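The residues making up each chain are set out below.
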Amino acid sequence: MKFQKPFKIYMHWIQEPLKGTEALYVQGENGNKLIARRGGILGIKAFSLDPRGSLAMTGNRHPITEAGFGFLLSKFRGDLDAGVQRGELQDVRLGEDVFLGRPSIVAEGRLASGAGHQYYASRFVIHIDKEWMLPTGASFYSENGELFEKYAYTDIRLNAGLSAMDFSRDNKAYRLN
């Protein structure tokens, strides 16, 4: 994944089931459409899609417009603040661990939905890299304890010197034409 503000994102899946799939979204360009190409033999042609449309959302819980650290942090922070305010945050633990080979702070907690309040997750585990102070992993669990979403960020490079070509469908390294 490559990301640049204000909101430019390129993603290339490296593991199954979407291995080889590419997606490009640049806010305000391409008619605010997602440019996507499936991996494998289905990936003959790139398509211009509504990022929240049914084709783009197939197999996804979130549109590409919600990818990256920003969405993850805002979702986590919003639920945490609301849980504290309502007195529904319980069983919070902070610790240290090694996650993906990096020293990390681990925040784990439970949110008890009550009085009609719903939270994104009933239980969360967030790994924050101690050097970068960015989330490198997050796991979210339902009320019955089932893991429903998990993220792991590796090979993070801040201020990587990305250019406009990194977010162009004309980039020869991509197959988005």
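What you see is a predicted model; the values in this text were computed from it and never measured.

Describe the sheet that holds strand S4 (residues 34-37), listing the residues and the values that go with them.
Overall, antiparallel pairing links the five strands, which are arranged S1-S2-S3-S4-S5 in an open sheet. Each end of this open sheet is capped by a strand with a single partner; those strands are strand S1 (2-4) and strand S5 (47-49). When strand polarity is set aside, the average angle formed by the axes of neighbouring strands in this sheet is 15°. Pairing geometry for strand S2 (residues 8-12) and strand S3 (residues 22-26), over five bridges, is antiparallel. Each bridged residue has a counterpart across the sheet, and for Ile 9 the counterpart in S3 is Tyr 25.

Please set out the packing of aromatic side chains residue by residue, giving values where relevant.
Scanning the entire structure with this criterion turns up eight aromatic pairs. Between Tyr 10 and Tyr 174, the aromatic rings sit 3.8 Å apart at their centres with planes inclined by 10°, giving stacked as the arrangement. Within this pair, whereas Tyr 10 is found in strand S2, its partner Tyr 174 is found in the segment after strand S10 (147-152), the two being separated by 164 residues in sequence. For the residue pair Tyr 10 and Tyr 174, the accessibility class agrees, reading buried in each case. Ring geometry for Phe 76 versus Phe 124: centroids 4.9 Å apart, planes at 75°, classification edge-to-face. With Phe 76 in helix H2 (residues 69-86) and Phe 124 in strand S8 (residues 123-129), this pair connects stretches of sequence that are 48 residues apart. Like Phe 124, Phe 76 is buried.

Got a sec to walk through empty space enclosed by the protein? Specific residues and values, please.
For the structure shown, the criterion picks out one cavity of 30 Å³ or more. In this structure, the largest cavity occupies an estimated 60 Å³ of space. For the largest cavity, the full set of lining residues is Lys 75, Phe 76, Asp 79, Leu 80, Leu 111, Tyr 120, Ala 121, Phe 124 and Phe 140. Top element by residues in the lining of the largest cavity is H2. It accounts for four residues. Residues of the lining of the largest cavity, tallied by class, amount to seven nonpolar, no polar and two charged.

Describe the nonpolar core, and please don't skip the residues or the numbers.
The biggest cluster of nonpolar side chains holds 13 residues, and the ones touching the most others in it are Leu 72, Phe 124, Ile 126, Ala 138 and Phe 140. Those elements giving two or more residues to this core turn out to be H2, S8 and strand S9 (135-141). Ranked by residues supplied to this core, first place goes to H2 with three residues. Leaving out residues up to four positions away in the same chain, Leu 72 has contacts with Pro 135, Ala 138, Phe 140, Tyr 151 and Tyr 153. The next biggest cluster of nonpolar side chains, apart from the first, holds 11 residues, and it includes Ala 23, Leu 34, Ala 36 and Ile 64.

Rules used in this analysis
- Residues numbered from 1 in each chain as written.
- Predicted model: local features only at pLDDT ≥ 70, side-chain atom pairs only at ≥ 80, totals over all residues.
- Heavy atoms only, no water.
- Pairing = 2+ DSSP bridges.
- Helix = DSSP H or I, 4+ residues; strand = E, 2+ residues; numbered from the N terminus.
- Axes fitted to C-alpha atoms, helices over the stretch in contact; angles between N-to-C directions.
- Phe/Tyr/Trp six-rings, centres within 6.5 Å; stacked < 30°, edge-to-face > 60°.
- Buried < 20%, exposed > 50% of the residue type's maximum accessible area, 1.4 Å probe, protein only.
- 1 Å grid on protein atoms, 1.4 Å probe; cavity = no way out; pocket = protein on both sides within 12 Å on 5 of 7 lines; lining within 4 Å.
- Points joined across faces, edges and corners; volume = space filled by probe spheres on them.
- Nonpolar A, V, L, I, M, F, W, Y, C, P; charged D, E, K, R; others polar.
- Core = buried A, V, L, I, M, F, W, Y, C linked by side-chain atoms within 4.5 Å.
- Contact = heavy atoms within 4.5 Å.

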